[in-house]
Amino acid sequence: MVTTTDKKIKHPEIWEILEKVKDPEIPVISVVDLGIIRAVVKENGKVIITITPTYSGCPAMSVIRLEVTTALLDEGYQNIEIVTVLHPAWTTKWMSEKGKKALREYGIAPPLDDQADEIELFGEMPAIQCPHCGSMNTKMTNKFGSTPCKSLHQCQDCLEPFDYFKCH
Ligand SMILES: [Zn+2]
C-alpha cells in the first residue's frame with residue numbers, strides 16, 4: 001500500500017507548501033493531514049495536484065482548490081493544475097494521526113475508522129468520545145452540525161456540545 005508518507009518523498013517541496021494549506025472549515029488541519037491530496041506530479045514544468053474531496057458535494061472544495069493554487073503561486077509556481085478525482089472515494093483512513101489529534105484538540109471528535117460504514121448501513125451512531133472530557137456518554141443532537149460534514153453531539157457528562165467529523 002502506498003501511503004501519503006511514501007508519496008511525499010517524490011516532491012517534498014510541494015508537499016511542504018500543501019501542509020500550510022488548512023481546511024477552510026477546520027483551520028487546525030491541513031489538506032495533507034485531512035488526506036484529500038492524493039497525488040503530486042510534475043510534468044513539463046507543470047505541477048499537477050490531485051484532490052479527492054471528503055464527499056462529492058463538499059462545498060469547501062472550491063475554496064480548497066483556490067487556496068492550494070494560491071499557496072503554490074506564492075511560492076513561485078506558475079503552471080498549476082488541480083485535478084479532482086472522486087473515485088476511489090475519500091475514506092477516514094486517509095486522515096493522518098496528526099490530523100485526528102489536531103481535531104480532538106480543536107474540540108471536534110475525529111472520524112471513527114472501521115465502524116463508519118456500518119453507521120451508514122444501519123443508521124445508528126456508535127458512541128462518539130467527547131473530545132473535551134473523554135467520556136463515551138454522548139448523544140447526537142443534530143445530524144448536521146456547523147457544516148454538512150459534521151454532526152452535532154452533546155456530552156452527557158460535561159454537557160459540552162461538540163462536532164463529530166463524519167464524512168468519508
Ligand atoms: Zn465531555
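Residues numbered from 1 in each chain as written. Predicted model: local features only at pLDDT ≥ 70, side-chain atom pairs only at ≥ 80, totals over all residues. Heavy atoms only, no water.

### Some points on empty space enclosed by the protein
Okay, step 1: On inspection of all chains with the given rule, the structure shows 1 cavity of 30 Å³ or more.
Okay, step 2: By volume, the largest cavity is sized at about 70 Å³.
Okay, step 3: Forming the walls of the largest cavity are Asp 23, Glu 25, Leu 34, Ile 36, Pro 53, Thr 54, Cys 58, Ala 60, Met 61, Ile 64, Cys 149 and Phe 165.
Okay, step 4: Tallied by class, the residues present in the lining of the largest cavity amount to 9 nonpolar, 1 polar and 2 charged. (1 Å grid on protein atoms, 1.4 Å probe; cavity = no way out; pocket = protein on both sides within 12 Å on 5 of 7 lines; lining within 4 Å. Points joined across faces, edges and corners; volume = space filled by probe spheres on them. Nonpolar A, V, L, I, M, F, W, Y, C, P; charged D, E, K, R; others polar.)

### Topic: the coordination of the zinc ion
Okay, step 1: Within the first shell, the zinc ion binds the protein through Cys 130 (SG), Cys 133 (SG), Cys 155 (SG) and Cys 158 (SG), at distances of 2.2 to 2.3 Å.
Okay, step 2: One can describe the site at the zinc ion as tetrahedral: its 4 donor atoms subtend angles covering 105 to 115° at the metal.
Okay, step 3: All donors of the zinc ion belong to a single chain; written as a sequence motif, their spacing is C-x2-C-x21-C-x2-C. A residue pair is termed long-range when its members are at least 10 positions apart, and Cys 130 in the loop between helix H6 (115-122) and strand E5 (138-142) and Cys 158 in the loop between strand E6 (150-155) and strand E7 (161-165) qualify at 28 residues. (Donors = N, O, S within 2.8 Å, 3.2 Å for Na, K, Ca; no water. Tetrahedral: all angles 85-135°; square planar, octahedral: opposite > 155°, others 65-115°. Helix = DSSP H or I, 4+ residues; strand = E, 2+ residues; numbered from the N terminus.)

### Notes on helix H4 (residues 61-74)
Because an α-helix completes one turn every 3.6 residues, residues spaced three or four positions apart along the sequence face the same direction.
Okay, step 1: In this model, H4 (14 residues) spans 20 Å end to end at C-alpha, consistent with the 20 Å of a helix rising 1.5 Å per residue.
Okay, step 2: For H4, the full list of buried residues reads Met 61, Ile 64, Val 68, Ala 71 and Leu 72. In a view along the axis of H4, the buried residues occupy a sector of 95°, so they form one face of it. Residues of H4 that are exposed and point over 90 degrees away from its buried face: Ser 62, Leu 66 and Asp 74.
Okay, step 3: Elements in contact with the buried residues of H4: helix H2 (12-19), helix H3 (31-34), strand E2 (46-51) and strand E3 (80-84).
Okay, step 4: Immediately downstream of H4, the backbone of Gly 76 shows phi near 95°, a positive value. (Expected span 1.5 Å × (residues − 1). Buried < 20%, exposed > 50% of the residue type's maximum accessible area, 1.4 Å probe, protein only. Arc of directions from axis to C-beta. Contact = heavy atoms within 4.5 Å.)

### Looking at the nonpolar core
Generally speaking, a soluble globular protein has its nonpolar side chains buried in company with each other.
Okay, step 1: With 31 residues, the main nonpolar core has Leu 18, Ile 37, Ile 49, Ile 51, Val 68 and Leu 72 as its most contacted residues.
Okay, step 2: Put simply, the parts of the chain that give this core at least two residues each are H2, H3, strand E1 (37-43), E2, H4 and E3.
Okay, step 3: If we ignore the near neighbours within four places in the chain, the residues touching Ile 51 are Ile 36, Ile 37, Met 61, Ile 64, Val 68, Ile 82, Val 83, Thr 84 and Val 85.
Okay, step 4: Counting 6 residues, the second largest nonpolar core, distinct from the first, contains Ile 128, Cys 155, Phe 162 and Tyr 164. (Core = buried A, V, L, I, M, F, W, Y, C linked by side-chain atoms within 4.5 Å.)

### A look at the environment of Lys 143
Okay, step 1: By the element assignment, Lys 143 lies in the loop between E5 and E6.
Okay, step 2: When its relative accessible area of 54% is taken as the criterion, Lys 143 is described as exposed.
Okay, step 3: For Lys 143 and Lys 166, which are 23 residues apart along the polypeptide, the C-alpha to C-alpha distance reads 9.7 Å.
Okay, step 4: Beyond its immediate stretch of four places on either side in the chain, Lys 143 contacts Lys 150, Ser 151 and Lys 166.

### Overview of the pairing of E6
Okay, step 1: The pairing of E5 with E6 spans 4 bridges and is classified as antiparallel. Pairing of Thr 138 across the sheet is with Cys 155, part of E6.
Okay, step 2: Two elements, E6 and E7, share 5 bridges in a ladder whose sense is antiparallel. Within E7, the residue paired with His 153 across the bridge is Phe 162.
Okay, step 3: Between the antiparallel neighbours E6 and E7 lie 5 residues, among them Leu 159 with a positive phi of about 65°. (Pairing = 2+ DSSP bridges.)

### Quick notes on the sheet that holds strand E4 (residues 108-109)
Okay, step 1: Across the sheet, which stays open at both edges, the 4 strands sit in the order E4-E7-E6-E5 with mixed pairing between neighbours. Looking at the sheet topology across the chains shown, the edges are occupied by E4 and E5.

### Focus: the environment of Pro 110
Okay, step 1: Take Pro 110: it is sitting in the loop between E4 and H6.
Okay, step 2: The class for Pro 110 is buried, based on a relative accessible area of 12%.
Okay, step 3: In this structure the C-alpha to C-alpha distance between Pro 110 and Thr 92, which are 18 residues apart in sequence, comes to 8.8 Å.
Okay, step 4: If sequence neighbours within four positions are ignored, Pro 110 has contacts with Lys 100, Leu 103, Arg 104, Tyr 164 and Phe 165.

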